[in-house]
Amino acid sequence: MLPESFTENMISFYGRDEAERFISCMNEPMNHCLRVNTLKITPEDFLALSPFHLEPVPWCPNAFYYDDDVNPAKHPYYYAGLYYLQEPSATLPATVMPIEEGDRVLDLCAAPGGKSTELGAKLRNSGVLISNDISASRAKALLKNIELFGIGNSVITTENSNKLAGFFEGYFDKILIDAPCSGEGMFRKSNSMITAWEKNGIELFTSLQTTILRDAVKMLRPGGSIVYSTCTYNPYEDERMVEFLLSLDSDLYIDEIPYYNGFVPGIPENGETGNSDLSKTMHLFPHRVKGEGHFVSLIKSRGDRSASVDNCMDYRINGMIKDPYVLEFLDESGLSFDRSRLIIEKDRLYYINDSIPDISGLRILRKGLFMGELKKNRFEPSQSLAMYIGKGEYKNTLNLPADDIRVIKYLKGETIEGNSENGLVLVTVDGYPLGFAKAKDSVLKNKYLAGWRMM
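So, here is what we can say about the structure in this document. (Residues numbered from 1 in each chain as written. Predicted model: local features only at pLDDT ≥ 70, side-chain atom pairs only at ≥ 80, totals over all residues. Heavy atoms only, no water.)

1. As for the overall build of the chain
Summing up its helical and strand segments, the chain has 14 helices and 23 strands in all. Whereas a compact globule of 455 residues would reach a radius of gyration of roughly 23 Å, the chain reaches 23 Å, a difference of no more than 12%. The proportion of buried residues among the 455 residues of the chain is 58%. Long-range pairs, those at least 24 residues apart, make up 72% of the contacts in the chain between residues at least 6 apart in sequence. Summed over its atoms, the accessible surface of the chain is roughly 19,400 Å², and 47% of this surface lies on carbon and sulfur atoms. Averaging the positions of the 49 positive and the 62 negative side-chain charges in the chain gives two centres separated by 8 Å. (Helix = DSSP H or I, 4+ residues; strand = E, 2+ residues; numbered from the N terminus. Rg over C-alpha atoms; globule rule 2.2 N^0.38 Å. Buried < 20%, exposed > 50% of the residue type's maximum accessible area, 1.4 Å probe, protein only. Contact = heavy atoms within 4.5 Å. Areas by Shrake-Rupley, 256 points an atom, 1.4 Å probe, with all protein chains shown as cover. Lys, Arg positive; Asp, Glu negative; His and termini not counted. Charge placed at Lys NZ, Arg CZ, Asp CG, Glu CD.)

2. Considering helix α2 (residues 16-24)
Of all the positions in α2, only Glu18, Ala19 and Phe22 are classed as buried. Buried residues along α2 cover an arc of 95° about the axis, so they all sit on one side. Along α2, exposed side chains directed more than 90 degrees from the buried face belong to Arg16, Asp17 and Ser24. Its buried side turned inward, α2 meets α1 (4-14). (Arc of directions from axis to C-beta.)

3. Here's the deal with the packing of helix α10 (residues 203-219) against helix α11 (residues 239-247)
Packed helices, taken two at a time, are described by their axes: the angle between them and the distance between them. Interhelical geometry of α10 versus α11 gives an angle of 30° and a closest axis separation of 10 Å. For the pair α10 and α11, the sense of crossing is right-handed. Residues Thr206, Gln209, Thr210, Leu213, Arg214 and Val217 of α10 form the contact with α11, whose own contacting residues are Met241, Phe244 and Leu245. Across the contact of α10 with α11, the residue classes break down as five nonpolar, three polar and one charged. (Axes fitted to C-alpha atoms, helices over the stretch in contact; angles between N-to-C directions. Left-handed = near helix turned anticlockwise from the far one by under 90°. Nonpolar A, V, L, I, M, F, W, Y, C, P; charged D, E, K, R; others polar.)

4. What about the sheet that holds strand β4 (residues 83-86)?
Spatial ordering of the open sheet is given by β2-β3-β1-β4, a layout of four strands whose pairing is antiparallel. Of all the strands in the sheet, just β2 (54-56) and β4 have a single pairing partner and so form its edges. Taken over all neighbouring pairs, the strand axes of this sheet differ in orientation by 35° on average, direction set aside. When β2 meets strand β3 (residues 63-66), the two strands line up antiparallel, connected through three bridges. Considered in β3, the bridge of Glu55 is made with Tyr65. (Pairing = 2+ DSSP bridges.)

5. As for the packing of aromatic side chains
Here a ring pair, both rings aromatic, is described through the centre-centre distance and the interplanar angle of the planes. All told, the structure shown has 28 aromatic pairs when counted by the stated rule. Taking 5.7 Å as the distance between ring centres and 65° as the angle between the ring planes, the aromatic pair formed by Tyr260 and Phe263 counts as edge-to-face. Classification of Phe263 as buried rests on a relative accessible area of 2%. Here the aromatic residues Phe6, Phe13, Tyr14, Phe22, Phe187, Trp197, Tyr233 and Phe285 are joined through ring pairs into a cluster of three or more. For the cation-ring pair, Arg240 lies above Tyr236, with the distance from its terminal atom to the ring centre recorded as 4.2 Å. Between the NZ or CZ atom of Lys290 and the centre of the ring of Tyr65, over which it lies, the distance is 4.3 Å. (Phe/Tyr/Trp six-rings, centres within 6.5 Å; stacked < 30°, edge-to-face > 60°. Lys NZ or Arg CZ within 6 Å of the ring centre and 35° of its normal.)

6. Observations regarding the nonpolar core
Among the nonpolar cores identified, the biggest contains 42 residues, and Leu108, Phe168, Ile175, Ile177 and Met219 are the most heavily contacted of them. Secondary structure elements with two or more residues in this core: β6 (128-132), α8 (161-167), β8 (172-178), α10, β9 (220-230), α11, β10 (252-255) and β13 (294-301). Setting aside its immediate chain neighbours within four residues, Ile175 contacts Met97, Leu106, Ala216, Met219, Leu220, Ser225, Ile226 and Val227. Ranked by size, the runner-up nonpolar core spans 35 residues in total, among them Cys60, Ile99, Phe263 and Val296. (Core = buried A, V, L, I, M, F, W, Y, C linked by side-chain atoms within 4.5 Å.)

7. Things to note about the sheet that holds strand β15 (residues 348-351)
The sheet built from four strands is open, its strands ordered β14-β15-β17-β18 with antiparallel pairing. Both outer strands of the open sheet, β14 (342-345) and β18 (378-381), are each paired with one neighbouring strand and no more. When strand polarity is set aside, the average angle formed by the axes of neighbouring strands in this sheet is 30°. As paired elements, β14 and β15 share four bridges and run antiparallel to each other. Its bridge partner being in β15, Glu345 is matched across the sheet by Arg348. Packed onto the sheet, helix α12 (residues 324-333) meets β14, β15, β17 (369-375) and β18 and runs at close to 55° relative to β18.

8. Topic: the side chain of Gln209
Within the secondary structure layout, Gln209 lies in helix α10. Beyond its immediate stretch of four places on either side in the chain, Gln209 contacts Ala179, Pro180, Cys181, Tyr228, Glu237 and Met241.

9. Details of the pattern of salt bridges
For the coordinates displayed, the defined rule picks out 19 salt bridges. One network of salt bridges, with partners in common, ties together Glu159, Lys163 and Arg363. (Salt bridge = Lys/Arg side-chain N within 4 Å of Asp/Glu carboxyl O.)

10. Some details on the side chain of Ser384
With respect to the helices and strands, the residue Ser384 is situated in helix α13 (residues 383-388). In this structure the side chain of Ser384 is engaged in a polar contact, spanning 2.5 Å, whose partner is the backbone oxygen of Phe370. Side chain to side chain, Ser384 and Ser382 meet in a polar contact 2.9 Å long. Not counting the four nearest positions on each side in its chain, Ser384 is found in contact with Glu147, Leu369 and Phe370. (Polar contact = N/O pair within 3.5 Å; in protein donor to acceptor, adjacent residues only side chain to side chain.)

Next up, the structure:
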């Protein structure tokens, strides 16, 4: 049952008729969708390949509803990083972010990675994506999803927003803030969200939100964009928080978000300033769209991008690597990397693209693409490298159709058989990489990362 005070708030903010329609849908089942990883495959090609019945999510061109009687998380295409499973309304913030290739992008509250993976896919491994979550434990799931998607231009940090603001002043072209909030939009998903709401109220979250927004504005480059979103309905966390954001910099303004049937424009009367542009923000309600509750706003800066000052140093790389086992692997694999951007730290090889800044001094979970480890008399390529490799880019492969029993055996960590050259083999499903194996006389010793195996 919904808390009485919450129901009263909904009537006060949105009117009795709207509130009653909302309450009546709380016992209806949730909708589920998958969002195609456009870094690996186009939506059109995925639809031709997909074994699922899919219906398009109207506001996200690469997201599709799937039926409740299927489990896409158990399909090999999920392990190939071809899609991310996401609540449909949650696809909107990253969709409306106007990413351009080469941008410097910050996802400030990023775990578990649903929005970061879409931002990274839109960057197409150009520029830099810094995905941050203050929780180191939650950031581990973020790291896995970034690697699963094949994103190689990312940095994953676990800092508070104030520490980042002191480091990245005026640095980012685009900042996404899916803010910690009271979670009213998730009431249908979990009764625990209702319990947390009753315990915490909104005051805890409005304090966090104002702190985060102050720091985010400091990190925005002139002419840049901020997407601010929540999964709640309360105007104190939505319209009024956008008003607070605008008050921090006179160059900021609210930009249009595309309207789709069922969206509810922001309500200026629920703000405090009478700003009519609040109607350019959008609410998503579960009784109006096939998704849960969300609020999304797009804020832009009128500032002159060319006038910005770069306060971050370039990442320092000391000379070309000379390790013979790394060089042998690169030569034999057929993979193309700028070898002047490769570094070895503590026997681990990384590729640092030329947009990643010097990030020393921050709590870092991962920087750039982790390519593998130096072992005794060999180089061991990583799972993240396997996922980064594009279709057809690796010389020695064993390609299996999705319905081949060997695919499931491989994903469970078992030895499989197959015709390939001896040595390191990239195992693929319908051409899309899954991971490495070591082949000898048609027997492939499994190298699939233990923590990722199918249970």
